[in-house]
Amino acid sequence: MTTAIPIVLAGEVKITPENKCSYCKGATCCTYLTQPLDTPRSMEDFDLLLWQISHVNTQVYKDEDGWFLLVNNPCRHLQPGGRCGIYETRPQICRDHSNDGCEFEGPSGHEDFDIFFPDYESLLDYCRRKFKHWDSRLKKAGGKNKKQ
C-alpha cells in the first residue's frame, strides 16, 4: 500500500477518468481487497480482529467510512502488465469499480486512515491500551481452550 506507481506520460496528456486506467502500469487496485467490518467494541470483537490480522498479508484500518479488513493479495486474473485476464466476464464489483481516488494519484498512506494496524503486534498494543484488563480475559476462559 505504500509503493508508488511509476507513471511516465509522453507530452502533455490530460488524464481523465476515461483514460486513467490505460496509464496505470501497476493495477494496484487489483492487488488487494477490503472487507467492511462491524465496528469493534468489545474485547471479543477485538480478539476476533487479532485472529484475522494474524493471517499473512492482512491488515486492519478505520477511516471515515468505518472499519475494514485489508487483504494484500493480488487477483488471480491479473496479467503481467496489469491487464485483467477475464475482462469480458469479470465480476460485477469489478465492473462497478470507480477510479476516483485510485492509487494512480499516489499510494494510500497512514494519513488516509484514522487508525491503521499493519500487523498483529500493533493491534495487540492498541487492545492493551484500550482495555485495562485485556490480558486477564485469557484467565477467564479457564481450561476451555486447552488442547486435549
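I will try to describe carefully the structure that is included in this document. Since the structure is predicted, the reported quantities are computational estimates derived from the model, not experimental observations.

**Quick look at the sheet that holds strand E4 (residues 115-117)**
A sheet is described by the order of its strands in space; here four strands give the open sequence E1-E3-E2-E4, paired in antiparallel fashion. Each of the sheet's edge strands pairs with one partner strand only, and the pair in question is strand E1 (33-37) and E4. Within the sheet, the average angular offset between the axes of one strand and its neighbour, ignoring direction, is 20 degrees. Inspection of the sheet shows E1 paired to strand E3 (residues 66-71) by five bridges, in the antiparallel sense. Counted as the bridge partner of Pro36 is Phe68 from E3. Against the sheet, helix H2 (residues 43-53) engages E1, strand E2 (58-63), E3 and E4, with an angle of about 135 degrees to E2.

**Structural notes on the layout of surface pockets**
Size it by volume and the largest pocket reaches roughly 1800 Å³. Contributing to the lining of the largest pocket are 49 residues, with Cys29, Cys30, Tyr32, His97 and Ser98 lying nearest its centre. Listing elements by their share of the lining of the largest pocket, those giving two or more residues are helix H1 (20-23), E1, E2, E3 and helix H3 (92-96). At four residues, H3 tops the list of elements feeding residues into the lining of the largest pocket. A per-class count over the lining of the largest pocket returns 25 nonpolar, 13 polar and eleven charged.

**Notes on the packing of aromatic side chains**
Summed over all chains, the structure comprises nine aromatic pairs. Their ring planes at 40 degrees and their centres at 5.8 Å tell us that Phe46 and Tyr126 sit as a pair that is tilted. On the criterion of sequence distance, the pair formed by Phe46 in helix H2 and Tyr126 in helix H4 (residues 120-130) is long-range, its members being 80 residues apart. Phe46 gets classed as buried once you look at its relative accessible area, which sits at 1%. An aromatic cluster is present here, built from Phe46, Trp67, Phe117, Tyr126, Phe131 and Trp134 joined pairwise through their rings. Stacked on the ring of Tyr87, the Lys or Arg Arg90 has its end atom at 3.8 Å from the ring centre. A cation sits over an aromatic face here: Lys130 above Phe131, 5.7 Å from the ring centre.

**Thoughts on H4**
Among all positions in H4, only Leu123, Leu124, Tyr126 and Cys127 are buried. Taken end-on, H4 shows its buried residues confined to a sector of 160 degrees, consistent with a single buried face. For H4, exposure combined with an orientation more than 90 degrees from the buried face picks out Glu121 and Arg129. Looking at the buried positions of H4, the neighbouring elements they touch are H2 and E4.

**Focus: the pattern of salt bridges**
For the coordinates displayed, the defined rule picks out four salt bridges. Note that Arg137 is salt-bridged to Asp47, the shortest N-O span being 2.7 Å. Of the two residues, Arg137 sits in helix H5 (residues 137-140) while Asp47 sits in helix H2, which places them 90 residues apart along the sequence.

**Description of the environment of Asp63**
Assignment of secondary structure puts Asp63 in strand E2. Classification of Asp63 by relative accessible area gives buried; the value is 14%. Spatially, the C-alpha atom of Asp63 lies 7.2 Å from that of Asp112, the residues being 49 residues apart in sequence. At a separation of 2.8 Å, a polar atom in the side chain of Asp63 contacts the main-chain amide nitrogen of Asp65.

Rules behind the numbers
Note on numbering: residues in each chain are counted from 1, in written sequence order. Confidence filtering applies because this is a predicted model: local features only for residues at pLDDT of at least 70, side-chain atom pairs given and counted only at 80 or more, and all residues used for totals across whole chains, interfaces and linings. To get the side-chain values, all heavy atoms of the structure are used, and hydrogens and water are removed first. Note: two strands are recorded as paired if DSSP finds a minimum of 2 bridges between them. In this text, helices come from DSSP runs of H or I with a minimum length of four residues, and strands from runs of E with a minimum of two, each type numbered from the N-terminal end. To obtain an axis, a line is fitted to C-alpha atoms, over the contacting stretch when the element is a helix, and the angle between two such axes runs from 0 to 180 degrees between their N-to-C directions. In what follows, a contact means two residues having at least one pair of non-hydrogen atoms within 4.5 Å. Only protein atoms enter the 1 Å grid used here, on which a cavity is any set of points holding a 1.4 Å probe that cannot leave and a pocket is any open set flanked by protein within 12 Å on both sides along at least five of seven lines; residues with an atom within 4 Å of a point are listed as lining. Grid points are joined across faces, edges and corners, and a volume is the space filled by probe spheres set on the points. Residues are grouped as follows: Ala, Val, Leu, Ile, Met, Phe, Trp, Tyr, Cys and Pro are nonpolar; Asp, Glu, Lys and Arg are charged; every other residue, Gly included, is polar. In this analysis, rings of Phe, Tyr and Trp, with Trp reduced to its six-membered ring, are considered paired at centre separations within 6.5 Å, and the interplanar angle assigns stacked below 30 degrees, edge-to-face beyond 60, and tilted for intermediate values. A 1.4 Å probe rolled over the protein chains alone gives each residue an accessible area, and that area as a share of the maximum for its type sets the label: buried under 20%, exposed over 50%, partly exposed in between. Each ring is checked for a lysine NZ or an arginine CZ that lies within 6 Å of its centre and within 35 degrees of its normal; such an atom marks a charge sitting over the ring. In this description, one arc is meant: the one made by directions from the helix axis to the C-beta atoms. Every case where a carboxyl oxygen of Asp or Glu lies within 4 Å of a side-chain nitrogen of Lys or Arg is listed as a salt bridge. Under this definition, polar contacts are N or O atom pairs within 3.5 Å; protein pairs additionally need one hydrogen-donor-capable and one acceptor-capable atom, and for neighbouring residues in sequence, both atoms have to be side-chain atoms.

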